[in-house]
Structure formats: C-alpha cells, structure tokens
Amino acid sequence: MPGLLFWALVAAIVAITNDFTSHSLLLGGLAGGVYLGCLIRWHGRWLAREQTLAWRWIIGALAALVWFAGVGAVVYIVIGLSVPVVYGLLVAWPLLAALVAAQRPTTDWIQKILTWLRRVSWWLTWRQRMNHAISQTIDWATASPLTTGGVCLWLLSIGFAWLTLLTHPTTTSINSLWQALPIYFLISYAASILLLVWLWSRDLPPWLYPVMSYLTVGVVAATAVLVYRTGYGFDPFIHRATETVIWQRGAITPKTPYYLGQYSTVVMLARLFGASIDIVDRILVPLTATLLLPLTAMATVRSLVQQQTFKWGRHLLALPATWWLAIIPLLLVFLDQTIVTTPQSLANIWAMVVIGLAYVGYHHRSAARWWLLPLASSAAISLIHPLTGLPLTLFVAWLAVMVSQWPLAWRRVGVVAIALLGVISLLASFALAVWLAPQVGTNFTAAFLNISWPRFDWPLTLPKQTFHLWADLAQAARWWPLVASTGLAVAGWQLISHRRAHPAIAWVMVILINAGLVYGFVDFSAVINYEQSAYAIRIAATALLYLWPLMSVGAVAAVTVLRRQRATLQITAAGVLVLLAAVHYYAIFPHDDIHTIGHAYSPGPADVAAVRQIEQLAGGEPYVVLANQAVAAVAMQEFGFRYYPTSAGELFFYPIPTAGPLYQFYLTAINSGPSRALMTDAMNTVGVQRSYLVVNHYWTAAADLIAAAKLTADGWQDIDGQVTIFEYR
C-alpha cells in the first residue's frame, strides 16, 4: 500500500474512534485534515502525474467530490447513511484506492530506487530550501523598500478587515449587514484591493501571491459565517435541519433525487472531523471557495495563456503575478456564490472548477480517458443541484466529443445531439419531477406567449439623486461589475479563440434558452408569487459560470496591457476596479439605504425564545403558527420537520414562502390586519385547534398590528420587547 494511502487509512481509524468516543474537535480536525490531505495528494499524483502541482491538488479535490457527493449520495439512496455506513465509506476510500493502485503495472526496480532517492532528497533539503526562500525574501525586502512598504500597508488593511469581522459578530435581528459592520470595513476592503492591484505590478516573492489571493477572497467568503452568529438566510436552515435528521437517523423520507450530494458530503465530513452539522455546513462553501477558486483561476489562466502566441507582453505572461490576476472576475461577479452553504452555491463553486478543467482539456485537445474525471465530477454536481449539474454534464460531454478522435460525421452528429438535449434538459427534468411527485404543486402551462417577463433596469440607468453619496453610487453602479466582466469575457474570447467561435459562448445561449423555457412553461403554483421566477433567474445566472475562464483571461490581458500605459490611465483603471469590487461586495449582502428597503431580517435570540415559548404554551397539543420566515427558520432549527397531513398535502406547522398556503395567511394578517376569522381559517386548513401569531417589533406597522391582535386573541406574551406572541384557540 502506498504511504499516503496507509496514513489516510490510519487517519480514518483515528477519526472514527474520535467520533465514536471523545468527539474532540482538535483530534478530529487533525485526523480529518491528514485523511483528506493524503487522499487528495495521492489522487492528484495518480491521475495527473504530468500536470503542475496546482492541477494535481485540484484534480485530487475533484476525486474527493466524486467520493463524498457522488458515491455518498448513491449509497444514501440505496441504504442510507447510518453511522456504520459512513464509517465504512471513510475506510473504503483509501482501501479501494490501494486496490486500484495495485493494478497499475509495476515499474522496474531502477525507477523505484530513483523515485525513493528523489523523495529522500526532498526531505533532506527542505531546510535548505526554506532558508533560501527566507533569504530571498529578506533580500527582496531590503532591495525594494517601496514595495515592502506597500506589502505592509496591504497586510494592515486586510488584517484590519479580518479583525473587524472577528470583533463585530451579532445575534440581533438585522436587515442590513452594515448595522453590524462599520462602514470603515468596506473602506479597508477597498484599500486592500487597491494595494493588491498595485503590488501585482511589482516583483514580489512567489509565495506572496497565493497568500494575498486567499486572504482577499476569504475575507468576503467568511463575512456571513463570522457576523451572523444565529444564522444567515432562510434556505440554509432548511438544509441544516435535513442534514441533522440524516446524521441522527441515517435517512429522511421521502428520499428526493436532488440536494443529496450536499447532504452526504456534510454528514460524512461531520463524522470525519467529529464536528457538529452546524459547523460543517456553515463553513463548507466559504472554505471550499476560498481554497479552490483562486487556485483554479490561476491554474486555468496559466494553462490557457502559456499555449497562446501573443505579440505583446510575452515576458509578462510568464510572471506568477500575471497568473494570479485571474481572481479579478471573482471579486467582481462571483463572490455571492461563496458566502453561504446551499446546494446551489456548492454546486456552482464545484462547477467553476470543472469548467476550468474542461477549458484546459478542450484547448489542449486531451484524449478521451482524460475526460472521465470531469464527467464523473459533473455527475456528482448533478446530485448536489441538478439545475447546475445537468447542463454542466452535457457541456463537458459536448467538449469531449468535439476533441475526440471519432470520424468527422460522428462528431457532428454527437455535437448537434448534445446541444439539442442541452436545450431541453432542464425542462425535461422538471417534467420528470412533476411525473414522479405531482403533489409538489409544480405544473406545466401553455401560456408561454402571455407571460410577464421580469423587469430589469438598464445597467447605465442613473437613480434619483438623494445626496447620499455611497447609496447613490452603489445604486447607479450595481450592474457595472457584470458589464465589466462581460467585457473581459469578450476580450478573453477574442484572445484565446483568435476571433473564431468558442463553444462556451454557444453553451451560454443553451442555458438562456433553458431559462426561457422553464419560465414560460413551468408553473410553480405552490410557491409564493414573488418567488415563482426564481428558478428561471437561477438558471440564467449559471450562464456566467461558463464564461469565467474567458473573463480571467481577459483580466490578465487587460492588466498586462495597462502595465505599459501611462500612469494616469493605470490609476484610473485601478480606481474603477476598486469601485466595482466594493459595489459588488455591498450588493451581495442585505442592505437598507435610501434606495433599498431591507426586508431580509436575520433570526435573533428573541425569535429563538419565541418559538420555544410557543412550544411550551402548546403543552404537547398540535398547533400552527403564522410568522415571518426568520422565525420559521428558527423553528425548523429547534424542532426539525413537523408536518400535518391535510387535503392540500403535508404542511409544515410554520409558514414557508416556497410551499403551502400558510405564508399567504401570514401576509394577509400583516397587510390587512389580524383577525379571529383569519386564524380560524389557518387552523381549519391544517386541522388543529390552536394557533399563534408572531409579530416582530422591527416591522414598521408593528404597533398597529399588536393593538389589533390584542382585540381578537385569547392571550398574548411579550418576548424581550422584540417579539409579541398571540394565542388563538
């Protein structure tokens, strides 16, 4: 058994023992880190021996995705993920890898000796290499005091941003991130990007570039985790509740064919690290995005750019700083995918990694065997979220057929067939879902020509001036990051395709057609009206994922050209980049300003106390609650899934905006005023004899609602001066 696999097996045994006995987070973290590190490293070596170190780590990570999200999800569907099954999966991975490694033809003894000597030499000279790197850094610092000062300023600005996040957590219900974070955090973040762009034009020690990239992306990805201590959003509460049930019982019924990739990954990682579902779920997407996206962006651009022949900046394209400029599109349009763990965001993060790998395979005309891992990874992503995974799988297969050695006629037939299948893939998946589960309330409609399309403001539309400088600027420039990134994608397309058509552009059209078909033909009657276009918008948004390597190439080319221009033009371009990055950060989090009314309040301690008090007041009797989605999210976190069978199907005992009639009852109570007749209708709908209305005091009309409810309720209680509970029997 290879050494890495042996240590992975030992780490698995230690992790299982820790999860079964002591539940030490420190020991579980060490064992889980060794387990993943050894297996990812081994798979990277075994599958991509001739690739660069960056690609070996990326390919090893994709192998982990296939095991945790692919194999884990299939095992869950078949037999569930009980504790013995999860332990068996953790042990089986290194054992199966060792079995596969044993099937590879054995190299001759001379080659084995040379490999062993290289490894011994590497370990014996590590101190010498470390000393060389340190001395090189010291020489650079003394020879370039201006650049050294810039690095120190950047460390101060990014360090101050991280410190601000760590020292400003909140459990209060807020509808804007800036009620918890001071505005100087955004100034510090913008300053760090400005210094970053300037430093990338200087000669730095190579190890600084990845460190700077990871810290910059990480400060955005960690924002929601560090600030919103009770929780962020609504969907993550639903998925954490589901994962908790699977972690406790091994399965949850019914077993739906979607989201299973995330559920199996979180449950298996929780067992591996001996951590709670809450911890693993909250950090999964932010940590995955921070570790993988900058590395994938750098490796993809390096592979694409180095094989091209440019007449300008050829010497600059060989610099490490140029490769790491590939993270610029991440700072402009994709950071909203990194802040919270949901199946959609997790699938999108992994899709970006697979798309980068597929670009490299397409441009290098890789052999058929090379495409097996991207196809397997895409299939695993389909088990995380089919809206992202199904088109991605067809896209990877499409590129593989284009560069295959098939006869030309077969290739043409394959390309056309996959494109046509891609156009109808998501519509067909919804049809299959309706056929398998007609009770969910999703239907088809023929009113395609009569639909009302969502309204979008033009990117250059200027808002009414309110003399609130930042709010006016952010509102005016809210679409500019997308416009700028699209321009970078066009530039990258022209450079790497030499003005010829690129398959990614065609696939973007396939995704947009999918979005139009779903919006026109699928009727989400069970979803609240303002959420019914959400699926189509999500599908359309995934089209950008297929352009991100082109955006990165365009960013590298733009900065490379700007380095040879006048200082005034460089300063202007850097200022625009910083502005767009700051606007993107401001836009992806909830905010409440003169142009935007923030309705997305986060859950708080009063919400937790309210749902617990209602449970105590009910005394074990079944009941229904009308409350906003923040309170419903807390109830799901506290009590899990509690459904009542009704003529309209099973209904959750708190309102959920995406399913059931209870949320409409709640909106009627808030907008038209509470009444006993309304609460009686809610009780009759669910079939219970007890109901509660929860009014949060942060609503504008809370005082009027509370006064009206007191006239009809059988009783009420105030919770910490922030929430009032009304009881109806």
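See the structure above.
Residues numbered from 1 in each chain as written. Predicted model: local features only at pLDDT ≥ 70, side-chain atom pairs only at ≥ 80, totals over all residues. Heavy atoms only, no water.

*Asks:* In this structure, what is going on with the environment of A241? I would like to understand it.
*Replies:* Tracing the sequence through the fold places A241 in helix 11 (residues 235-249). Note: C-alpha distance between A241 and F641 (400 residues apart in sequence) is 7.5 Å. Apart from residues no more than four positions distant in its own chain, A241 is found in contact with M636 and F641. (Helix = DSSP H or I, 4+ residues; strand = E, 2+ residues; numbered from the N terminus. Contact = heavy atoms within 4.5 Å.)

*Asks:* Whenever I open this one, the packing of aromatic side chains confuses me. Can you help?
*Replies:* Working definition: an aromatic ring pair is given by the centre-to-centre distance plus the angle between the planes. Enumeration according to the criterion identifies 30 aromatic pairs in this entry. Each ring, one from F395 and one from W507, has its centre 5.8 Å from the other, and the planes form 50°; the classification is tilted. In this pair, F395 is assigned in helix 18 (residues 386-402) and W507 in helix 22 (residues 503-521), connecting sequence segments 112 residues apart. Note on W507: relative accessible area 0%, which makes it buried. Geometrically, the ring pair formed by Y623 and Y692 is edge-to-face, given 5.6 Å between the ring centres and 90° between the ring planes. With Y623 in the loop between helix 26 (605-618) and strand 3 (624-626) and Y692 in strand 6 (residues 691-696), this pair connects stretches of sequence that are 69 residues apart. Each member of the pair, Y623 as well as Y692, is classed as buried. (Phe/Tyr/Trp six-rings, centres within 6.5 Å; stacked < 30°, edge-to-face > 60°. Buried < 20%, exposed > 50% of the residue type's maximum accessible area, 1.4 Å probe, protein only.)

*Asks:* What is the right way to look at helix 17 (residues 372-384) in this model?
*Replies:* Because each turn of an α-helix spans 3.6 residues, side chains separated by three or four positions end up pointing in the same direction. Helix length check: helix 17 (13 residues) gives 19 Å between terminal C-alpha atoms against 18 Å at 1.5 Å per residue, within 8%. Considered for burial, the residues of helix 17 that qualify are L373, P374, S377, S378, A380, I381, S382 and I384. Residues of helix 17 that are buried in the fold lie against helix 2 (25-47), helix 3 (53-79), helix 12 (260-273), helix 16 (343-363) and helix 18. (Expected span 1.5 Å × (residues − 1).)

*Asks:* Even after reading the chapter, I still don't get the packing of helix 11 against helix 12, so can you show me in this structure?
*Replies:* The description of two packed helices rests on the angle between their axes and on the distance between the axes. Running from N to C, helix 11 and helix 12 point in directions that differ by 60°, and their axes come no closer than 10 Å. Comparing their axes, helix 12 and helix 11 come out oblique. Helix 12 is crossed by helix 11, and the crossing has right-handed handedness. For the pair helix 11 and helix 12, the contacting residues are H239, T242, E243, I246 and W247 in the first and Q262, Y263, V266, V267, A270 and R271 in the second. Class assignment for the residues of the contact of helix 11 with helix 12 results in six nonpolar, three polar and two charged. (Axes fitted to C-alpha atoms, helices over the stretch in contact; angles between N-to-C directions. Parallel < 35°, antiparallel > 145°, perpendicular 65-115°, else oblique. Left-handed = near helix turned anticlockwise from the far one by under 90°. Nonpolar A, V, L, I, M, F, W, Y, C, P; charged D, E, K, R; others polar.)

*Asks:* How do you make sense of the sheet that holds strand 7 (residues 715-719) when you look at a structure like this?
*Replies:* Where strands meet in a sheet, backbone hydrogen bonds hold them as pairs that are either parallel or antiparallel. On the basis of which strands lie adjacent, the open sheet formed by four strands has the order 3-6-8-7 and mixed pairing. This sheet does not close on itself; its edge strands, each paired only once, are strand 3 and strand 7. Put simply, the sheet's adjacent strands are angled 20° from each other on average, direction ignored. Summarising the sheet, strand 7 and strand 8 (residues 723-728) pair through five bridges and their orientation is antiparallel. Pairing of I719 across the sheet is with V723, part of strand 8. Helix 29 (residues 676-686) rests against strand 3, strand 6 and strand 8 of the sheet, and its axis sits at about 135° to strand 3. (Pairing = 2+ DSSP bridges.)

*Asks:* Explain unusual backbone geometry here, please?
*Replies:* Phi is mostly negative for residues that are not glycine, and the peptide bonds are mostly trans. Positive phi, close to 55°, is recorded for H23, a residue that is not glycine. Mapped onto the elements, H23 comes out in the loop between helix 1 (3-20) and helix 2. Even without glycine at this site, Y259 takes up a positive phi of about 70°. By the element assignment, Y259 lies in the loop between helix 11 and helix 12.

*Asks:* Looking at this structure, I do not really get the pairing of strand 8. What am I missing?
*Replies:* The side chains of a regular strand alternate, first on one face of the sheet and then on the other. Where burial is concerned, most of strand 8 is hidden: six out of the six residues are buried. On strand 8, burial covers both faces: V723, I725 and E727 on one face and T724, F726 and Y728 on the other are all buried. As paired strands, strand 6 and strand 8 are joined by six bridges and run antiparallel to one another. Residue pairing in the sheet places L693 in a bridge with F726 of strand 8. With antiparallel pairing between neighbouring strands as the criterion, strand 7 and strand 8 make up a hairpin whose turn holds three residues, including D720 at a positive phi of roughly 55°.

*Asks:* For this particular structure, what's the right way to read the pattern of salt bridges?
*Replies:* If the charged atoms of two oppositely charged side chains come close together, the side chains can form a pair. Applying the stated criterion across every chain yields a total of 11 salt bridges. R271 is the salt-bridge partner of D19, the closest N and O atoms lying 3.3 Å from each other. Residue D19 is found in helix 1, and its partner R271 is found in helix 12; the two are separated by 252 residues along the sequence. Each member of the pair D19 and R271 is classed as buried. The closest approach of N and O atoms between D278 and R282, which form a salt bridge, is 3.2 Å. Here R282 and D278 lie together in helix 13 (residues 277-306), a separation of four residues that amounts to about one turn. (Salt bridge = Lys/Arg side-chain N within 4 Å of Asp/Glu carboxyl O.)

*Asks:* Is there a simple way to think about empty space enclosed by the protein in this case?
*Replies:* It is the rolling of a water-molecule-sized probe over the atoms that shows where space remains empty. According to the stated counting rule, one finds one cavity of 30 Å³ or more in the structure shown. Volume-wise, the largest cavity comes out at about 90 Å³. Around the largest cavity, the lining residues are A224, V225, Y228, G231, Y232, P236, R240, R282, I339, V340 and T341. (1 Å grid on protein atoms, 1.4 Å probe; cavity = no way out; pocket = protein on both sides within 12 Å on 5 of 7 lines; lining within 4 Å. Points joined across faces, edges and corners; volume = space filled by probe spheres on them.)

*Asks:* So what exactly am I meant to see when it comes to the packing of helix 8 (residues 184-199) against helix 25 (residues 567-588) here?
*Replies:* Contact geometry for helix 8 and helix 25: axes closest at 9 Å, N-to-C directions at 140°. Compared by their axis directions, helix 8 and helix 25 come out oblique. Crossing hand, helix 8 versus helix 25: right-handed. Residues F185, L186, Y189, A190, I193, L194 and V197 of helix 8 lie in contact with helix 25, whose contacting residues are A574, L577, V578, A581, A582 and Y585. A class-by-class count of the residues in the contact of helix 8 with helix 25 yields 13 nonpolar, no polar and no charged.

*Asks:* What exactly am I supposed to notice about the nonpolar core here?
*Replies:* The tendency in soluble globular proteins is for nonpolar side chains to be buried as a group. Core analysis: the largest hydrophobic core is formed by 184 residues, its most contacted members being Y35, L36, F68, Y189, W350, W507 and Y585. With residues near it in sequence (within four places) discarded, W507 still touches P391, L394, F395, W398, I418, A419, G422 and Y546. Membership of the second largest hydrophobic core comes to 53 residues, among which are L626, V631, M636 and M679. (Core = buried A, V, L, I, M, F, W, Y, C linked by side-chain atoms within 4.5 Å.)

*Asks:* For this particular structure, what's the right way to read the environment of A606?
*Replies:* Position of A606 relative to the elements: it lies in helix 26. When its relative accessible area of 4% is taken as the criterion, A606 is described as buried. C-alpha of A606 to C-alpha of S173: the two residues are 433 residues apart in sequence and 8.4 Å apart in space. In this structure, A606 is in contact with I719, D720, Q722 and V723, ignoring residues within four places of it in sequence.

*Asks:* Please explain helix 21 (residues 480-497) as it appears in this structure.
*Replies:* The end-to-end C-alpha distance of helix 21, which contains 18 residues, comes to 25 Å, matching closely the 26 Å that a straight helix rising 1.5 Å per residue would cover. Among the residues of helix 21, those classed as buried are P481, S485, L488, A489, G492, L495, I496 and S497. Viewed end-on, helix 21 has its buried residues packed into an arc of 155°, placing them on one side of the element. (Arc of directions from axis to C-beta.)

*Asks:* How should I be thinking about the side chain of H385 in this particular structure?
*Replies:* Counting through the fold element by element, H385 comes out in the loop between helix 17 and helix 18. At 3.3 Å, the side chain of H385 and the backbone nitrogen of L387 are in polar contact. Leaving out residues up to four positions away in the same chain, H385 has contacts with Y259, P343, Q344, A347 and R538. (Polar contact = N/O pair within 3.5 Å; in protein donor to acceptor, adjacent residues only side chain to side chain.)

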